[in-house]
Amino acid sequence: MELKNILLDIEDGIALVTINRPKALNAINDDVMTELGWLFNDHLDFQSLKGVIITGSGEKAFVAGADITQFKNLDKQAGCEISRKGHKVYNSIESCPIPVIAAINGFSLGGGNELAMSCHMRIASTNARFGQPEVNLGLVPGYGGTQRLIQLIGKGRAMELLLTADIISAEKALEYGLITHIVEQEGLLAAARSLINKISSKGPLAIARTIELVNAYFDKNANGFMKEADRFGETIGSDESTEGVNAFLEKRKAKFRNDS
Ligand code: CO8
């Protein structure tokens, strides 16, 4: 697939995915969603990558929401379908076996904030602003916002943000636990890369399993404790854990990857 709305740059084992519609503050239309789905389901080779960074083009916005111009001609069925398509794509980001970091460089609103929340971690620049302004449009969130915002910041805070459509600062988002770091905009991608490089020095199988297990907590059909015991059993005998344990006992740094 030819990417027309997303820039993909792979460097040093890290895929930088930039939503590239700066004139519309990187708003997500159906084409962007299709391209994101293709990247995460068909294109990116997670075996060879250390991690993925998702960011927005320009200095003003991460993603200012779903593209509002596409709402004009949607009927009930089309609305439901476009929402389900978004859920599927964002779920594939959330279940990605390597770390996915949202580098939030400005407005993170509506469907854009929902994209950020489907990433495993969120770091933001000082100018970032966050919100779920759908009720201003007489709409509810459609890309998982009512579910993931509660998971990240709790019901009371989520309810207030969703019902008031308030836009909050990076400091408030940090206080709420929506993001984990604030940095100056020029250092944002370097901070995201540094986080991925730190994680990539650990065992890749253990990282993939940990992501799966943390997600299992929020899966109503999964028993996270049972799954954890199963995955612990699987990892304990692996080449990776043999190397990790031996390295500790031999007082040396574990070597989990060819490039580490
Ligand atoms: N969709 C389409 N275009 C947008 C969007 C958007 N979400 N946000 C900004 N733009 C466009 C503007 O229309 C403008 O275009 P133009 O230059 O052609 O007039 C350009 O980007 C620049 O924007 P502004 O001039 O408005 O910039 P400001 O600095 O004055 O304001 C704001 C920035 C505050 C971010 C403002 O643009 C804004 O309020 N944007 C809309 C934010 C919003 O409501 N987002 C939520 C959308 S709804 C949603 O995301 C639902 C998700 C679930 C969908 C489910 C399936 C369908």
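Refer to the preceding data block for the structure.
Reading the values: rules and limits
Residues numbered from 1 in each chain as written. Predicted model: local features only at pLDDT ≥ 70, side-chain atom pairs only at ≥ 80, totals over all residues. Heavy atoms only, no water. Helix = DSSP H or I, 4+ residues; strand = E, 2+ residues; numbered from the N terminus. Buried < 20%, exposed > 50% of the residue type's maximum accessible area, 1.4 Å probe, protein only. Polar contact = N/O pair within 3.5 Å; in protein donor to acceptor, adjacent residues only side chain to side chain. Core = buried A, V, L, I, M, F, W, Y, C linked by side-chain atoms within 4.5 Å. Contact = heavy atoms within 4.5 Å. Pairing = 2+ DSSP bridges.

A. Highlighting the environment of lysine 50. Within the fold, lysine 50 resides in the loop between helix 1 (30-43) and strand 3 (51-56). Accessibility expressed as a relative area gives 9% for lysine 50, which makes it buried. Through-space distance from the C-alpha of lysine 50 to that of leucine 205 is 12 Å; in sequence the pair is 155 residues apart. A polar contact of 3.2 Å, which involves the side chain of lysine 50, links it to the backbone oxygen of aspartate 12.

B. Representation of the nonpolar core. The biggest cluster of nonpolar side chains holds 47 residues, and the ones touching the most others in it are Phe40, Ile54, Leu115 and Phe130. A total of six residues in this core trace back to one element, the largest contributor, which is helix 1. If we ignore the near neighbours within four places in the chain, the residues touching leucine 115 are Ile19, Ile28, Leu36, Ile54, Phe62, Val63, Tyr90 and Ile93. Residues Leu16, Ala103, Leu188 and Leu195 belong to the second largest nonpolar core, which totals ten residues.

C. Spatial organisation of the pairing of strand 5 (residues 100-104). Here strand 5 lies mainly inside the structure; five of its five residues are buried. Burial along strand 5 is two-sided: the residues Val100, Ala102 and Ile104 and Ile101 and Ala103 are all buried. Here three bridges tie strand 3 to strand 5, and the two strands are oriented parallel to one another. Residue pairing across strands places valine 52 opposite valine 100, the latter belonging to strand 5. The pairing of strand 5 with strand 7 (residues 121-125) spans four bridges and is classified as parallel.

Take it as geometry only, folks, not as evidence of what the structure does.
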